[in-house]
Structure formats: C-alpha cells, structure tokens
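Reading the structure
Each chain, written out:
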Amino acid sequence: MPRIYKPGKVAIVLQGRQAGKKVVVIKQLDEGTKERPYPHAIVAGIERYPLKVTKRMGAKKVAKRSKIKPFIKVVNYSHLFPTRYAIELEGLKGVVSQETFKEVSQREDSKKQIKKLLEDKYQGGKNKWFFQPLRF
C-alpha cells in the first residue's frame, strides 16, 4: 500500500470533534504502536480559522482577526481524507511527538509553538486554501 500520509500533507478530519477541519500530518505511524495498534498519524490543525480582513481595517483590528487557534491530535487513518495540498513545515517536525500527549503542560507548549508557526505562514500569504474553512 502506498504511503499517502507523509509529513507536510494536508488532510481533512472526517470524524469526531474536529470533523471538517483541515490538518497537517506531522508524523505518520503506518504500523501503529503498542497503545494504538492501528495505523494513525499525529496531526496539527486549525480549530478556529482567521476572520476576513479588508483594506479599511486598522492594524489593531487586522491583528485581532488574524489570530488562529490550533489543535494537535492523534487520528486514525480511516478518519482522515487526504488532499492534494502539502505545506512545508520545517519548524513543526520537532514540536510534537508521542510523549507530547502524556502531559498537559507539554501539549500546551507545543500548541503555542504551532500557533506561532501557523500565524507566520498565514501572514506570509502562501497556502491560502489551508487557512479558510471548508464551508462559510
């Protein structure tokens, strides 16, 4: 079976609380682990997307509307839908691992780093599709 979910690949979550949200695969585990014996991936996604910005808005309002709320999650492959898009994430690779999910403080620290990286990507203007919700 070909490896569909490579690091940097964008997918859509189909089941659960984050259903319909776009995510980026950080690490894939095709064979599974002892705790999770099914193929799964560690993903980072956008829980709350940035709002629309116009030219008339001031800098303060633009900064407020450009905020992103991220999430990190371990998702079964059967609950992911792959897309043709990919995002370069040099900074995300070392941020999240299996041990991140064991302690709340580690999870919060990694979420803050992911938030910063995603907001920088959004400000850069590339990958516009990733930063818009599927449905308005």
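All of the points below concern the structure found in this document. (Residues numbered from 1 in each chain as written. Predicted model: local features only at pLDDT ≥ 70, side-chain atom pairs only at ≥ 80, totals over all residues. Heavy atoms only, no water.)

Here we look at helix α2 (residues 104-124)
Stated precisely, the cut-off is as follows: Strands here are runs of E lasting at least two residues and helices are runs of H or I lasting at least four, both read from the DSSP assignment and numbered beginning at the N terminus. Given a helix with a known number of residues, its expected span is that number minus one, times 1.5 Å. Categorising residues by exposure relies on relative accessible area from a 1.4 Å probe, with only protein chains included: less than 20% of the type maximum marks a residue as buried, more than 50% marks it as exposed, and the intermediate range marks it as partly exposed.
With 21 residues, α2 should reach 30 Å at 1.5 Å per residue; the first-to-last C-alpha distance of 30 Å fits that figure. Among the residues making up α2, those that are buried are S110, I114, L118 and E119. Of the residues trailing α2, G125 is marked for its positive phi of about 90°.

A look at the pattern of salt bridges
Here is the rule: Note on definitions: salt bridges are taken to be side-chain nitrogens of Lys or Arg within 4 Å of carboxyl oxygens of Asp or Glu.
In this structure the tally under the stated criterion is three salt bridges. With a shortest N-O distance of 3.6 Å, K69 and E47 are connected by a salt bridge. Within this pair, whereas K69 is found in strand β4 (residues 69-76), its partner E47 is found in strand β3 (residues 40-48), the two being separated by 22 residues in sequence. A relative accessible area of 23% means that E47 is categorised as partly exposed. Ionic pairing is found between D120 and K116, a salt bridge with its closest N-O pair at 3.7 Å.

Observations concerning the nonpolar core
Defined as follows: Here, nonpolar core refers to any group of buried Ala, Val, Leu, Ile, Met, Phe, Trp, Tyr and Cys residues whose side-chain atoms link them within 4.5 Å. Any pair of residues with heavy atoms lying within 4.5 Å of one another is described as a contacting pair.
With 19 residues, the main nonpolar core has I46, I87, V96, I114, L118, F130 and F131 as its most contacted residues. Broken down by secondary-structure element, the contributors of at least two residues to this core are β2 (22-29), β3, β4 and α2. Of the residues forming this core, the biggest block, three residues, is contributed by β3. Dropping the residues within four chain positions of it, L118 is found in contact with G45, I46, I68, P70, F130 and F131.

Details of unusual backbone geometry
With phi around 55°, N127 is a residue other than glycine that occupies positive phi space. When you line up the elements, N127 lands in the segment after α2. By relative accessible area, N127 is classed as partly exposed at 30%.

What about the layout of surface pockets?
Selection rule: Lining residues are defined by having an atom within 4 Å of a point belonging to a cavity or pocket. Those points lie on a 1 Å grid over the protein atoms alone, cavities being sets where a 1.4 Å probe fits but cannot get out and pockets being open sets with protein on both sides within 12 Å along at least five of seven lines. Grid points are joined across faces, edges and corners, and a volume is the space filled by probe spheres set on the points. Residue type decides the class: Asp, Glu, Lys and Arg count as charged, Ala, Val, Leu, Ile, Met, Phe, Trp, Tyr, Cys and Pro as nonpolar, and the leftover types, Gly among them, as polar.
Space inside the largest pocket adds up to approximately 290 Å³. Lining the largest pocket are 13 residues, with L51, K52, V53, Y122 and Q132 sitting closest to its centre. When grouped by side-chain class, the residues that make up the lining of the largest pocket number eight nonpolar, three polar and two charged.

What about the packing of aromatic side chains?
Each pair of aromatic rings is reported with the distance of its centres and the angle of its planes. So the rule is basically this: In this analysis, rings of Phe, Tyr and Trp, with Trp reduced to its six-membered ring, are considered paired at centre separations within 6.5 Å, and the interplanar angle assigns stacked below 30 degrees, edge-to-face beyond 60, and tilted for intermediate values.
Within this structure, the stated rule accounts for four aromatic pairs. Taking the centre distance of 4.7 Å and the plane angle of 40° together, the rings of Y5 and Y77 count as tilted. Of the two residues, Y5 sits in the segment before β1 (9-13) while Y77 sits in the loop between β4 and β5 (80-86), which places them 72 residues apart along the sequence. Measuring from ring centre to ring centre gives 5.3 Å for F130 and F131, while their planes differ by 85°; the resulting arrangement is edge-to-face.

Remarks on the side chain of E119
Position of E119 relative to the elements: it lies in helix α2. Ignoring sequence-local partners within four residues, the contact set of E119 consists of S66, K67 and I68.

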